[in-house]
Amino acid sequence: MAETPSIYLDHAATTPVDPRVVAAMMPYWTEVYGNPSSIHRYGQAAAAALEAARRDVAEVLACTPNEIVFTSCGSESDNLALRGVALAARAAGRGNHLIVSPVEHHAVSHTAAQLRDSFGFDVTWLPVDEYGRVNPDDVGRAIRDDTVLISVMLANNEIGTIQPVAEIGAIARRKGIPFHTDAVQGGGMLDLNVDRLKVDLLALSAHKFYGPKGVGVLYVRKDTPLLPMLTGGGHERGRRAGTQNVPYIVGLATALRLAQAEKETANTRLQALRDRLIAGVLETIPQARLTGHPSERLPNHASFAIRGVQGQDLLVHLDLAGIAASSGSACNTGNPEPSEVLLALGLPREWALGSLRLTVGRQTTDEDVAYTLDVLPRIVARLRAL
Ligand code: PLP
């Protein structure tokens with residue numbers, strides 16, 4: 001019997017750490033281990049590494065190093081952006097109203113819901129089209145005198161759709177309202193220039209671009225009022241207390257620099273693999289459709305709704321065949337309800353329950369795609385026959 005292959009098609013959930021990133025991190029465990037806030041030479045060496053990482057990240061985002069806040073993950077960055085801006089605005093008496101897209105990751109949507117339910121903020125959930133895209137005109141229409149923050153993600157984790165962030169940013173800027181984008185899924189593949197994107201806050205997470213898990217970034221444009229959520233020392237210019245995790249931050253900066261420098265070549269390769277997956281699934285599986293935008297989507301992201309099967313069953317059978325995939329957001333695994341994102345697209349429940357996400361990455365080969373396209377239609381047929 002042929003050996004079961006091991007094919008990882010879940011790069012939207014997380015990525016392996018690039019060996020070059022591991023190498024860059026190594027000295028900061030045992031050699032350069034000082035506390036970056038300490039005055040002595042041990043502290044200075046750690047602070048130098050921290051500030052070099054901050055400059056590297058700032059260069060990618062085309063901002064100043066002072067505008068970079070290191071955090072413990074993408075979720076923390078999103079939490080800090082929403083709660084930090086909303087509560088600072090509340091404290092200054094500027095207003096109570098937030099505008100959020102209905103296809104956000106829970107790090108944003110649950111934070112907005114908590115601000116509504118426990119802190120009395122009013123939240124407008126924007127409409128989206130069948131591809132999960134926000135119409136910038138709807139953002140303009142939703143803005144009120146008491147609006148204090150707009151949050152629309154750069155690219156969606158479940159359906160890959162890229163949002164018209166720069167157009168939304170232009171509207172927010174004209175009205176003087178802070179604009180946050182969750183760029184976690186786009187970190188290694190999309191342009192992150194904060195002036196071109198016209199954003200005031202932008203969240204990243206290293207483990208989505210071949211860096212370590214448990215470290216993130218929040219870009220905060222100069223003069224954006226933000227109440228810190230972690231109070232204590234004056235770390236991160238008073239915006240996030242806690243001794244910085246220097247090895248992880250060095251890893252994040254190295255991974256971001258490498259991914260951004262290599263993204264043109266990498267994206268072309270990923271897109272070819274992605275397009276073969278999409279075409280193959282749509283050709284060989286009856287009653288399967290692409291979810292998310294056909295062209296404005298992440299280069300590595302193929303996502304489908306397959307009628308008459310359960311996403312969870314598909315994942316188990318794919319795993320038995322050696323293929324690691326996902327159904328909607330990884331955080332939703334084990335939850336047989338269709339995700340809010342898929343429902344927001346207007347997908348009927350019987351389609352939305354059969355959601356499948358295949359996300360390719362640096363190690364994915366043509367053979368991996370061919371094998372997946374061979375195995376998947378048979379698994380779907382078998383599940384439908386049950
Ligand atoms: N935002 C998006 C769009 C994501 O896909 C994720 C992770 O899946 C997060 C935020 C949370 O990032 P982290 O896992 O670093 O907390």
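Residues numbered from 1 in each chain as written. Predicted model: local features only at pLDDT ≥ 70, side-chain atom pairs only at ≥ 80, totals over all residues. Heavy atoms only, no water.

1. A closer look at unusual backbone geometry
Part 1 of the reasoning: Its identity is not glycine, yet Ala62 carries a phi of approximately 55 degrees, on the positive side.
Part 2 of the reasoning: On the accessibility criterion, Ala62 (35% relative accessible area) is partly exposed.
Part 3 of the reasoning: Although it is not a glycine, Asp223 adopts a positive phi angle of roughly 70 degrees.
Part 4 of the reasoning: Under the relative-accessibility criterion, Asp223 is labelled exposed at 69%. (Buried < 20%, exposed > 50% of the residue type's maximum accessible area, 1.4 Å probe, protein only.)

2. With respect to the site of the ligand
Part 1 of the reasoning: Close contacts around the ligand come from 13 residues, with Gly74, Ser75, Asp182, Ser205 and Lys208 the closest.
Part 2 of the reasoning: The contact in question runs from an oxygen atom of the ligand to an N or O atom on the side chain of Ser75, over 2.7 Å.
Part 3 of the reasoning: At 2.8 Å from an oxygen atom of the ligand is found a side-chain nitrogen or oxygen belonging to Gln185.
Part 4 of the reasoning: Sort the elements by how many residues they give to the shell around the ligand and helix H4 (residues 74-91) lands first, with 3 residues.
Part 5 of the reasoning: Of the residues in the shell around the ligand, the class split is 3 nonpolar, 7 polar and 3 charged. (Near = heavy atom within 4 Å. Polar contact = N/O pair within 3.5 Å; in protein donor to acceptor, adjacent residues only side chain to side chain. Helix = DSSP H or I, 4+ residues; strand = E, 2+ residues; numbered from the N terminus. Nonpolar A, V, L, I, M, F, W, Y, C, P; charged D, E, K, R; others polar.)

3. Let's talk about the domain arrangement of the protein chain
Part 1 of the reasoning: Splitting the protein chain by domain gives domain 1 (7-15 + 263-385) and domain 2 (19-258).
Part 2 of the reasoning: Here the C-alpha centre of domain 2 lies 28 Å away from the C-alpha centre of domain 1.
Part 3 of the reasoning: In total, about 2700 Å² of surface goes out of reach between domain 1 and domain 2, with carbon and sulfur atoms giving 54% of it.
Part 4 of the reasoning: Looking only at domain 1, the three residues that lose the most surface to domain 2 are Thr15, Leu298 and Arg362, adding up to 23% of its buried area. (Domains from an automatic or database assignment. Buried area = accessible area lost by both parts, 1.4 Å probe.)

4. Quick notes on the nonpolar core
In globular proteins that are soluble, nonpolar side chains generally tend to be buried together.
Part 1 of the reasoning: Grouped together as the largest cluster of nonpolar side chains are 90 residues, with contacts concentrated most on Leu61 and Ile150.
Part 2 of the reasoning: Shared between two domains, this core takes at least three residues from each, and those domains are domain 1 (7-15 + 263-385) and domain 2 (19-258).
Part 3 of the reasoning: In this structure Ile150 touches Ile99, Val139, Ile143, Ile168, Ala172, Ile177, Pro178, Phe179 and His180, once residues within four positions along its chain are discounted.
Part 4 of the reasoning: Of all hydrophobic cores here, the second largest spans 22 residues; its members include Leu80, Ala112, Leu218 and Val220. (Core = buried A, V, L, I, M, F, W, Y, C linked by side-chain atoms within 4.5 Å. Contact = heavy atoms within 4.5 Å.)

5. Notes on the pairing of strand S4 (residues 122-125)
Part 1 of the reasoning: As defined by bridge partners, strand S3 (residues 97-100) adjoins S4 across 4 bridges and the pair is classed as parallel. Following the sheet pairing, Val100 is matched in S4 by Trp125.
Part 2 of the reasoning: In the classification by handedness, the crossover that spans S3, the intervening helix H5 (residues 106-119) and the parallel S4 is right-handed. (Pairing = 2+ DSSP bridges. Right-handed = clockwise from strand over helix to strand, strands pointing away.)

6. Focus on the sheet that holds strand S12 (residues 355-359)
Two orientations exist for strands paired in a sheet by backbone hydrogen bonds: parallel and antiparallel.
Part 1 of the reasoning: One open sheet accounts for 3 strands, arranged S9-S10-S12; its pairing is antiparallel. Both outer strands of the open sheet, strand S9 (288-290) and S12, are each paired with one neighbouring strand and no more. Strand-to-strand twist across the sheet, computed as the mean angle between neighbouring axes with direction ignored, equals 25 degrees.
Part 2 of the reasoning: Here 5 bridges tie strand S10 (residues 301-306) to S12, and the two strands are oriented antiparallel to one another. (Axes fitted to C-alpha atoms, helices over the stretch in contact; angles between N-to-C directions.)

7. Some remarks on the pattern of salt bridges
Opposite charge on two side chains lets them pair, provided their charged atoms get close.
Part 1 of the reasoning: Within this structure, the stated rule accounts for 22 salt bridges.
Part 2 of the reasoning: Here Arg20 and Glu262 are joined by a salt bridge, their closest N and O atoms 2.8 Å apart. Pair noted here: Arg20 is in helix H1 (residues 19-25) and Glu262 is in the loop between helix H10 (246-261) and helix H11 (263-284), with a separation of 242 residues, a long-range link.
Part 3 of the reasoning: Among the residues examined, Glu262 registers a relative accessible area of 30% and is labelled partly exposed.
Part 4 of the reasoning: For the salt bridge of Asp275 with Arg274, the shortest nitrogen-to-oxygen distance reads 2.9 Å.
Part 5 of the reasoning: On the basis of relative accessible area, Arg274 is assigned to the buried category, the value being 4%.
Part 6 of the reasoning: Salt bridges sharing common partners tie together Asp18, Arg20, Glu262 and Arg362. (Salt bridge = Lys/Arg side-chain N within 4 Å of Asp/Glu carboxyl O.)

8. A short note on the packing of aromatic side chains
Part 1 of the reasoning: Evaluation of the coordinates by the stated rule reveals 2 aromatic pairs.
Part 2 of the reasoning: With a centroid separation of 5.9 Å and 85 degrees between ring planes, the pair formed by Trp29 and Tyr248 is classed as edge-to-face. Taken as a pair, Trp29 in helix H2 (residues 27-30) and Tyr248 in helix H10 lie far apart in primary sequence, 219 residues in all.
Part 3 of the reasoning: For the ring pair Tyr33 and Tyr42, a centre distance of 5.7 Å and an interplane angle of 35 degrees mean the geometry is tilted. (Phe/Tyr/Trp six-rings, centres within 6.5 Å; stacked < 30°, edge-to-face > 60°.)

9. Some words on the environment of Asp146
Part 1 of the reasoning: If you trace the backbone, Asp146 turns up in the loop between helix H6 (136-142) and strand S5 (147-151).
Part 2 of the reasoning: Separated by 19 residues in the primary sequence, Asp146 and Val165 have C-alpha atoms spaced 22 Å apart.
Part 3 of the reasoning: For Asp146, the contacting residues outside a window of four places in its chain are Arg94, Gly95, Asn96 and His97.

10. A closer look at helix H7 (residues 165-175)
Part 1 of the reasoning: Among all positions in H7, only Val165, Ile168, Gly169, Ile171 and Ala172 are buried. What you see down the axis of H7 is that its buried residues fit within an arc of 160 degrees, all on one side.
Part 2 of the reasoning: Contact partners of the buried residues in H7: H6, S5, strand S6 (179-182) and helix H8 (194-197). (Arc of directions from axis to C-beta.)

11. A word on the confidence of the model for the protein chain
Part 1 of the reasoning: Taken over all residues, the pLDDT of the protein chain has a mean of 96, while the share at 70 or more is 97%.
Part 2 of the reasoning: Per-element confidence in the protein chain ranges from a low mean pLDDT of 90 for helix H14 (residues 349-352) to a high of 99 for strand S7 (residues 201-205). (pLDDT = per-residue confidence, 0-100.)

12. A look at the environment of Val128
Part 1 of the reasoning: Along the polypeptide, Val128 turns up in the loop between S4 and H6.
Part 2 of the reasoning: Residue class for Val128 comes out buried when judged on its relative accessible area of 18%.
Part 3 of the reasoning: Considering only alpha carbons, one finds Val128 and Gly346, 218 residues apart in sequence, at a separation of 9.3 Å.
Part 4 of the reasoning: Leave out the neighbours within four places in its chain, and Val128 touches Pro102, Val103, Arg133, Val134 and Ala344.

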